[in-house]
Amino acid sequence: MPHLDLGPGLGLGLGLGLGLGLGLHLHDIVGPTALWFRAGLTFECLPMRKTLFTLLLGLLANPAAADTLDVRESDAVMFPESVEYDPAIPTPADFLGFELGRHPVRHHQLVEYLRTVADMSDRLTVETIGYSHERRPILFLVATSPENQADIDRIRERHVALTEPGSGATVTDDMPVVTWINFGVHGAESSGLDASLPFVYHLAAAQGPDIDRVLNESVVLVTAIFNPDGHSKRIAWFDSYGGERMIADPNHAEHDFSWGRARTNHYGFDLNRQWLLLTQPEPRAWMSKWHHWRPNLTVDYHEMGSGETYYFHPGVATRTNPLVPDEAERLMAEQARTSEAFLDSEARLYFRGERFDNFYIGKGSTFPLVNGGVGVLYEAGAALGRELETDNGLRTYRENIRKQFRTAIASTEGAVKLRGDYLRYQKTFYDSALEEARRARTTAWVVSAGGDQARLHAFGDLLNRHRIQTHRLARDVEIEGRSFRADDSLVVPVAQPQYRMIRSLFETLTDFEDATFYDVSTWTLPPAFGLAQAALAGRTALVGEPWVPEPATAAAPPAADFGYVFEWGPYHAPRALYRVLEAGLMARVATKPFTAVLADGEQAFQRGAIVIPFDRQEVPRETIHEIAAAIATEDGVPVHALASGRSAIGTAGVEVGGPSFASLERPEILLVMGPGVSVYDAGEVWHLLDVRMNIPVTLRHRDRLEDMDWNRYTHIVLPDGNWGGKLSFADRLAPWVRSGGTLVAMRDAAPWARSLTLDAASEEDGNGEASARGVNDEDEGATEDAEEDEERRDYADRDADRAVDVIGGAIFRADLDTTHPLGFGYGSRELFLHKNEDEVFETSDNPYGTVIAYTEDPLHSGYTSEDNLEKLAGTPALIAERYGRGSVILFADNPNFRGYWYGTNKLFLNSLFFSTVFDAP
C-alpha cells in the first residue's frame, strides 16, 4: 500500500511552512487529506510524528477552536484506554477534523469515513445496499477476522442452514455468532448514528486478545445509516442554529428543531415501525440483508427524553409478545450483563424493565424475537444539541455517543460469550416451529382480494420478503360461507420455519395480560389489505403451486367505437382516473350498476365504474386509446372497449349517457402539514398520492394558510393533529366549502372541522345546539357528579388505570354503504378499520350521511376497553355531508395508517374524486 512517511523535520516544516511561512488557509487542504485516505495512502508516524500530524489536522479543521487541537488526546476519552489501536487507520477525529460531539457528522462525511476505513482494513467489507427517497446511500458493513472474511460465503451459508429445519445443519465449536448493530433509524436521535464511526474504527483498528476473540468468533454486521433523510434534516437545523460556543440553555433554538420531521424519513414514516411493513425503500434495503444473514443478536440504538438516564432491554415483562420463547428472554437478560458491567464500572445511571416493551413485532428490537434471534433496545437521554441543561445535570452529545459506542463494544463481547447458547437457541427455535405447526389445528390460511390483483400482489410480496412461502389456491372453494376463487386467492401453509411469524400476522388477539402498549396491540395483516381470510384445517389438496410475485397488469383493450370503461375496484383505479383527467379527457362515473355493450360482448359493471366516452372530447381517438392501453398495462386496471352507448338489457337499462352517470373534475389538493399536524398522518397521505397514485399534492404549513389563495384548490385535507383553539384561517373554511370546496378531515381534525362547518350551520338553522363532541349542560353536570363520587385511588395505579380506557391500536369491524359514492369500488359491506382514537362521532341528522358505521360488536383484534366498545358500537366512522356547493368529509380513523392499510386507502381516494357526486337529502 502506498504511504507517506512524515519525519520530524518534514512534519514540523510542513506545519510551520503552511501555517506560518506561506500564510495559507489551513482548512482548505482538509479535503485533499481525506482524498489521500480514500486513495489508500497511509501515514507511517513515530509517536512524535503522529502527534504533529494530528495537531496539524486539528488546526486544519477549526483553527479558531483551541479545544480541538489535540485530537488524539481527546479521543483517548472516547476509546477504551486499555486498547491499542493501529496508527495506520485514521480515527474519526483524524478524518473529520473535529472531536465527535463537537459537531454532528453529516451523512456524506459518515459515508466517506466508513468507506475509507473499510478500504484500508482486511477485517471489513462495505457495500451500498439501497438508497433513501432523497437518493442518499445506505451502507452495510461486514466485520470479522481476515480469515473469516476469506471464507465469508461458507460461514453465512452454514449459519443460515440452522434456520432451515431438515437441512442437517448442526452447531459446531468453530461457528461464529452473528451480531447486527442498528445505527440511525430515527434521524432525530443521532448519537447512535455518530457512534457508528468510533465503532467501525474500533473493529478495524483495535489490537489485542479481546478484539481478536470478537472477530474470530463472530461476524458483526453494521448498517449506517438506516434513515439518512431524517438525519440530514436534523443536521440542517443544527448547522443553522449551532455556533462555536455550546449553548446548554434548553430555550436555545438549537434544541428546538422539528423533532417529528427529523425522526422520520422523507415522507414522514417512522422507520422503526417498518421492520414488518416494508412500505419504504430504506427498510426494504436493510431488511433484505437482515434476512440474508439472520442474526443471533440485533442491537438497536435510540434516544429518549432528555430528563432520562440510559435504558436497555429487557423491557416490561408483562408486555412481551406471547409468541416470544422464554429462552429468548433469558438470553436477553444475560446479554445485558456486559453493558451493565461497563456502566457500573463508571458509576453511570441506567434502568431496565420499565416503560419499553417487546409486544409489537414491527420494531427493530422486537422483530428478531419472533425470527429466531434476540433484540436489545438502547435509549440514551437526548442532548438535542451538543449539550443541554436537564434535571439530571448537564447532558452532552459526546457523552451519548460514547455510551452508545461503548455498549456496542459490550454487545459484541456479550454475543461472543453467549455464542453457543445463541446458536443452539436459533436452531431450536426453527426446529420447534415446525413441531408446533404440526400440532396446530390450522394447517393453512387462505386469503382473497376479490379480484384486485394489486392488493393481492402487495400482500404476497410482503410475506415473501419475510421468508413466508405463499401458494396458489388449487381450485375454487367455499369456506365458512365465503367463496375463494383459485385465480384470486393465495394459500399460506403454517408448517414453515416462519410459523411464529405466520401466527402473528394472521391470528386475532383480544385478551391481554397487560393493557399498556408502547405501540399498537394488533397488526393482523389480511384485514389491513382488505382481504377475505379463512383458516384451513387439513385440506392440504387446496395448496397449489408456489406463488411468484408479479406486478399487476392487464392486456391492452382493442380500439373502441364508442369509448372505454373500467371498474373502480382495482387498487390503482384512482391512478388510472387521474391519468385520464390530467390528459384533459372527460370522464363519467356510474352511480348505479349497468350492463354495457362491448366490442366482445356484454358485461355488467358496478357502481363507481369509469366511462371515457368519445363524445365531447378534444383529444384524438388514437391518443385516448394510448391512454387506455397505459391504464391496462401500467396501472394493472382492465379496460374494456365500448361498442355502443345503449344498455345491453334494453330500454329499461342504465345507459352511459344518462343521469345515472356524473361527470368528474380533476382534483387540486392542498395537504395541510407543519407544526400542530401529525407528521405520520400527513406523510401517509403524501406518500399515497405522490408515490402510489402519481397524483400531485400541494403541501402547506398550517400557519401559512391565511396568506394564500384557496380558490385554485378543490380539496383541503386536514390530517390528525392538535386542532384545538382558534386558528387564523378557521373563519375561511366554511365560506370556502360553501362555494364548492371539499374539506376532508381525519381523526382529531374531524370534530374541529365539523364544529366550524356542519355544526355551525346546524346552530344557525336552529336544528340543534349539540357540539361536535355531543356534550350538553346535562352531560356536564352528570360528569361532575361522577367525578365527585369516584373512589380514591393510589397514584401508583395511575398508568394501569389510564391503560384500561385506551384503544391500543385495534382492528374494528364496520359496515360500509357500498351504494354511496365514497363506498364505490368495494364489493362487500364488511370493512375493517385500524382504530386508536376514542373520539365518538355524533350521528348525522342526514340519514344518508353516515357512509361507515362500526358494528354493534366492533372489536375484531387488539385491545379496547369495555367502556370504549360500548360507546363506539354502532357509531359513525365516516360521515359525508354536502355543505353549500361543497362537501365536508370526516374520517374517525386514519384510512392510510402506516402505508400498509391497502384495504381502506380507496375510501380516502374516493373522497377526492367523488366528493361532490352525492347529493344533499
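See the structure printed just above.
### Side note on the overall build of the chain
Okay, step 1: Per the secondary structure count, the chain includes 30 helices and 36 strands.
Okay, step 2: Counting only contacts in the chain whose residues sit at least 6 apart along the sequence, the fraction spanning at least 24 positions is 78%.
Okay, step 3: Summed over its atoms, the accessible surface of the chain is roughly 36500 Å², and 48% of this surface lies on carbon and sulfur atoms.

### Things to note about the packing of helix α6 (residues 107–120) against helix α9 (residues 191–205)
Okay, step 1: Between α6 and α9, whose axes approach to 10 Å, the crossing angle comes to 10 degrees. One element, α6, and the other, α9, form an angle in the roughly parallel class. Touching Leu110, Tyr113, Leu114 and Val117 of α6 are Leu193, Ser196, Leu197, Val200, Tyr201 and Ala204, all from α9.
Okay, step 2: Among the residues making up the contact of α6 with α9, the classes are represented as nine nonpolar, one polar and no charged.

### Section: the pairing of strand β26 (residues 640–647)
Okay, step 1: Of all eight residues in β26, six are buried; the element is thus mostly enclosed.
Okay, step 2: In this structure, strand β23 (residues 594–598) lies alongside β26, joined through two bridges in antiparallel fashion. When the bridges of β26 are listed, Leu598 appears paired with Leu642.

### Here we look at the packing of aromatic side chains
Okay, step 1: All chains considered together, the criterion is met by 43 aromatic pairs.
Okay, step 2: For the ring pair Phe79 and Phe405, a centre distance of 5.4 Å and an interplane angle of 75 degrees mean the geometry is edge-to-face. Note that Phe79 is positioned in the loop between α4 (71–78) and β3 (84–85) and Phe405 in helix α16 (residues 397–417), a separation of 326 residues in sequence.
Okay, step 3: A relative accessible area of 5% means that Phe79 is categorised as buried.
Okay, step 4: We classify Phe405 as buried; its relative accessible area is 0%.
Okay, step 5: Residues Tyr85 and Tyr201 carry aromatic rings whose centres are separated by 5.1 Å and whose planes lie at 20 degrees to one another, so their mutual orientation is stacked. Pair noted here: Tyr85 is in strand β3 and Tyr201 is in helix α9, with a separation of 116 residues, a long-range link.
Okay, step 6: Under the relative-accessibility criterion, Tyr85 is labelled buried at 15%.
Okay, step 7: In this structure Tyr201 comes out as buried when scored by relative accessible area, which is 0%.
Okay, step 8: Lys906 extends its terminal NZ or CZ atom over the ring of Trp568, reaching a point 5.6 Å from the ring centre.

### Considering the pairing of strand β14 (residues 444–448)
When a strand is regular, its side chains alternate between the sheet's two faces.
Okay, step 1: Across the five residues of β14, five count as buried, placing the element largely inside the fold.
Okay, step 2: Pairing analysis gives five bridges linking β14 to strand β18 (residues 489–493), with the strands arranged antiparallel. Paired with Val446 across the two strands is Val491, which belongs to β18.
Okay, step 3: In this sheet, strand β19 (residues 532–536) lies alongside β14 in antiparallel orientation, the contact comprising five bridges. Each residue of the ladder has a partner; that of Ser448, found in β19, is Ala532.

### Observations regarding the sheet that holds strand β29 (residues 698–701)
Okay, step 1: Read from one edge of the open sheet, nine strands run β29-β28-β30-β31-β36-β35-β34-β32-β33, paired in mixed fashion. Every other strand in the sheet has two partners, leaving β29 and β33 (830–835) as the edge strands with one partner each. Between one strand axis and the next, the sheet turns by 20 degrees as a mean value, whatever way the strands run.
Okay, step 2: Examined bridge by bridge, strand β34 (residues 850–861) and strand β35 (residues 876–883) share three bridges and lie antiparallel to one another. Within the sheet, the bridge partner assigned to Thr850 lies in β35 and is Ile879.

### Concerning the sheet that holds strand β24 (residues 601–605)
Okay, step 1: Sheet architecture is open: seven strands sit in the order β24-β23-β26-β21-β25-β22-β27, paired in antiparallel fashion. The strands lining the two open edges of the sheet, one partner per strand, are β24 and β27 (661–663). Looking at each pair of strands side by side, their axes are set apart by 40 degrees on average, direction ignored.
Okay, step 2: Relative to β24, β23 is paired through five bridges, and the arrangement is antiparallel. Pairing of Phe594 across the sheet is with Phe605, part of β24.

### Points about unusual backbone geometry
Okay, step 1: A cis amide bond links Ala224 with the next residue in sequence, Ile225, at an omega value of -5 degrees.
Okay, step 2: Examined against the element boundaries, Ile225 turns out to sit in the loop between β8 (218–224) and α11 (228–241).
Okay, step 3: Backbone torsion omega between His313 and Pro314 reads 15 degrees, so that peptide bond is classified as cis.
Okay, step 4: On the secondary structure map, Pro314 appears in the loop between β10 (310–312) and α15 (326–345).
Okay, step 5: Even without being a glycine, Arg539 presents a positive backbone phi close to 50 degrees.
Okay, step 6: Of note, Arg539 is situated in the loop between β19 and β20 (543–546).
Okay, step 7: Arg539 gets classed as partly exposed once you look at its relative accessible area, which sits at 39%.
Okay, step 8: Look at Arg616: it is not a glycine, yet its phi comes out positive at around 70 degrees.
Okay, step 9: Structurally, the position occupied by Arg616 is in the loop between β25 (610–613) and α22 (621–635).
Okay, step 10: Owing to a relative accessible area of 70%, Arg616 belongs among the exposed residues under this scheme.

### Describing the side chain of Gln498
Okay, step 1: Structurally, Gln498 is set in the loop between β18 and α19 (499–506).
Okay, step 2: Of the polar contacts made by the side chain of Gln498, one reaches the backbone oxygen of His466; its length is 2.9 Å.
Okay, step 3: Dropping the residues within four chain positions of it, Gln498 is found in contact with His291, Asn371, Tyr430, His466, Arg467 and Ile468.

### Re helix α14 (residues 281–293)
Okay, step 1: Between the first and last C-alpha of α14 there are 19 Å, a value that for 13 residues agrees with the 18 Å anticipated at 1.5 Å per step.
Okay, step 2: Looking only at α14, the buried set comprises Glu282, Pro283, Ala285, Trp286, Met287, Lys289, Trp290, His291 and Trp293.
Okay, step 3: Just beyond α14, the residue with positive phi is Arg294, at close to 55 degrees.

Criteria and thresholds
- Residues numbered from 1 in each chain as written.
- Predicted model: local features only at pLDDT ≥ 70, side-chain atom pairs only at ≥ 80, totals over all residues.
- Heavy atoms only, no water.
- Helix = DSSP H or I, 4+ residues; strand = E, 2+ residues; numbered from the N terminus.
- Contact = heavy atoms within 4.5 Å.
- Areas by Shrake-Rupley, 256 points an atom, 1.4 Å probe, with all protein chains shown as cover.
- Axes fitted to C-alpha atoms, helices over the stretch in contact; angles between N-to-C directions.
- Parallel < 35°, antiparallel > 145°, perpendicular 65-115°, else oblique.
- Nonpolar A, V, L, I, M, F, W, Y, C, P; charged D, E, K, R; others polar.
- Buried < 20%, exposed > 50% of the residue type's maximum accessible area, 1.4 Å probe, protein only.
- Pairing = 2+ DSSP bridges.
- Phe/Tyr/Trp six-rings, centres within 6.5 Å; stacked < 30°, edge-to-face > 60°.
- Lys NZ or Arg CZ within 6 Å of the ring centre and 35° of its normal.
- Polar contact = N/O pair within 3.5 Å; in protein donor to acceptor, adjacent residues only side chain to side chain.
- Expected span 1.5 Å × (residues − 1).

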